[in-house]
Amino acid sequence: NGFYEGELISFAGVALIPRFLWPDKPIIAVGTWFAAQIGGAVEIDGKYNNSINMTIPGHLYLDFGYWGVIIGCFFVGLILQQFWYSANFYNNVFNYTGTMMGGFLMLSTLAGIGADLQIVITILGFYMVLVVFNFVVKP
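Residues numbered from 1 in each chain as written. Predicted model: local features only at pLDDT ≥ 70, side-chain atom pairs only at ≥ 80, totals over all residues. Heavy atoms only, no water.

## A closer look at the overall build of the protein chain
Within the protein chain, the regular secondary structure consists of 5 helices and 2 strands. Ordering the α and β elements of the protein chain from the N terminus gives α-β-β-α-α-α-α. For the protein chain, the spread of C-alpha atoms along the principal axes amounts to about 50 × 35 × 25 Å. Within the span of the protein chain, comprising 139 residues, buried residues form 27% of the whole. A separation threshold of at least 6 residues defines the contact pool for the protein chain, and within that pool the share at least 24 residues apart is 54%. Counting every atom, the protein chain has about 9,200 Å² of accessible surface; 67% of that belongs to carbon and sulfur. The averaged location of the 7 negative side-chain charges in the protein chain is 18 Å from the averaged location of its 4 positive side-chain charges. (Helix = DSSP H or I, 4+ residues; strand = E, 2+ residues; numbered from the N terminus. Buried < 20%, exposed > 50% of the residue type's maximum accessible area, 1.4 Å probe, protein only. Contact = heavy atoms within 4.5 Å. Areas by Shrake-Rupley, 256 points an atom, 1.4 Å probe, with all protein chains shown as cover. Lys, Arg positive; Asp, Glu negative; His and termini not counted. Charge placed at Lys NZ, Arg CZ, Asp CG, Glu CD.)

## Focus: the nonpolar core
If you look at the biggest cluster of nonpolar residues, it comprises 19 residues, and the most contacted ones within it are F11, I56, M101, L117 and I123. Elements with a minimum of two residues in this core: α1 (30-37), α2 (56-64), α3 (66-87), α4 (96-110) and α5 (118-136). Here this core gets 5 residues from one element, more than from any other, and that element is α5. Beyond its immediate stretch of four places on either side in the chain, F11 contacts I28, V30, H59, L117, Q118 and I121. (Core = buried A, V, L, I, M, F, W, Y, C linked by side-chain atoms within 4.5 Å.)

## Regarding the packing of α3 against α5
Contact geometry for α3 and α5: axes closest at 11 Å, N-to-C directions at 20°. As the angle between them shows, α3 and α5 are arranged roughly parallel. Pair α3 / α5 crosses with left-handed handedness. Contact residues: α3 offers V76, I79, L80, F83 and S86, while α5 offers V120, I123, L124 and Y127. (Axes fitted to C-alpha atoms, helices over the stretch in contact; angles between N-to-C directions. Parallel < 35°, antiparallel > 145°, perpendicular 65-115°, else oblique. Left-handed = near helix turned anticlockwise from the far one by under 90°.)

## Here's the deal with α3
Helix length check: α3 (22 residues) gives 32 Å between terminal C-alpha atoms against 32 Å at 1.5 Å per residue, within 8%. Turning to α3, its buried residues number three or more, namely G68, V69, G72, V76, F83 and A87. Summarising the contacts, the buried residues of α3 are in contact with α2, α4 and α5. Following α3 by one or two positions, N88 has its phi on the positive side, about 50°. (Expected span 1.5 Å × (residues − 1).)

## Some points on the packing of aromatic side chains
The final tally for this structure, using the stated rule, is 9 aromatic pairs. Summarising the aromatic geometry, the rings of F74 and F75 are spaced 5.8 Å apart at their centres and angled 70° between planes, so their arrangement reads as edge-to-face. Ring pairing ties together the aromatic residues F3, Y61 and Y66, which thus form one cluster. (Phe/Tyr/Trp six-rings, centres within 6.5 Å; stacked < 30°, edge-to-face > 60°.)

## Description of the side chain of T97
With respect to the helices, strands and loops of the structure, T97 is situated in helix α4. Among residues more than four places away in sequence, those in contact with T97 are L130, F133 and N134.

## Some details on the environment of V93
One can find V93 in the loop between α3 and α4. Each C-alpha atom, one on V93 and one on F74, is 31 Å from the other, the two residues being 19 residues apart in sequence.

## Observations regarding the packing of α3 against α4
Their axes nearest at 8 Å, the elements α3 and α4 cross at an angle of 145°. Crossing angle aside, the handedness with which α3 passes α4 is left-handed. Between α3 and α4, the residues in contact are F83, W84 and A87 and G98, M101, G102, L105 and M106, respectively. Among the residues forming the contact of α3 with α4, the class breakdown is 6 nonpolar, 2 polar and no charged. (Nonpolar A, V, L, I, M, F, W, Y, C, P; charged D, E, K, R; others polar.)

Below, the structure is given as structure tokens:
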């Protein structure tokens, strides 16, 4: 179908809006869309029976081509690096939220960060929860 010119990554603009603020928010199901496009899912009663996540480079390639893979993977690496540095879990034994963030990043990496770009939104959401928690519960 050619490149999608950023259409597949457009979910990032609305992904962090909670459903209690926007009850009719569309379902973000990029893996289901991908499975349907490659013939790996069957539609039953308006829903698909399968979801196949693309890798981050695959997602970037479908959206922007080879340059999207090169530039996008660089930026995803920078984003993950900043999350890792912001955790700062190794400097203080009482940094519980930083330890949780560092553990979440390590677990995501060891379990396979092969999910599509939605993993960056998930990590950002987890980070925001920990920032709010750290602000509310001060040591």
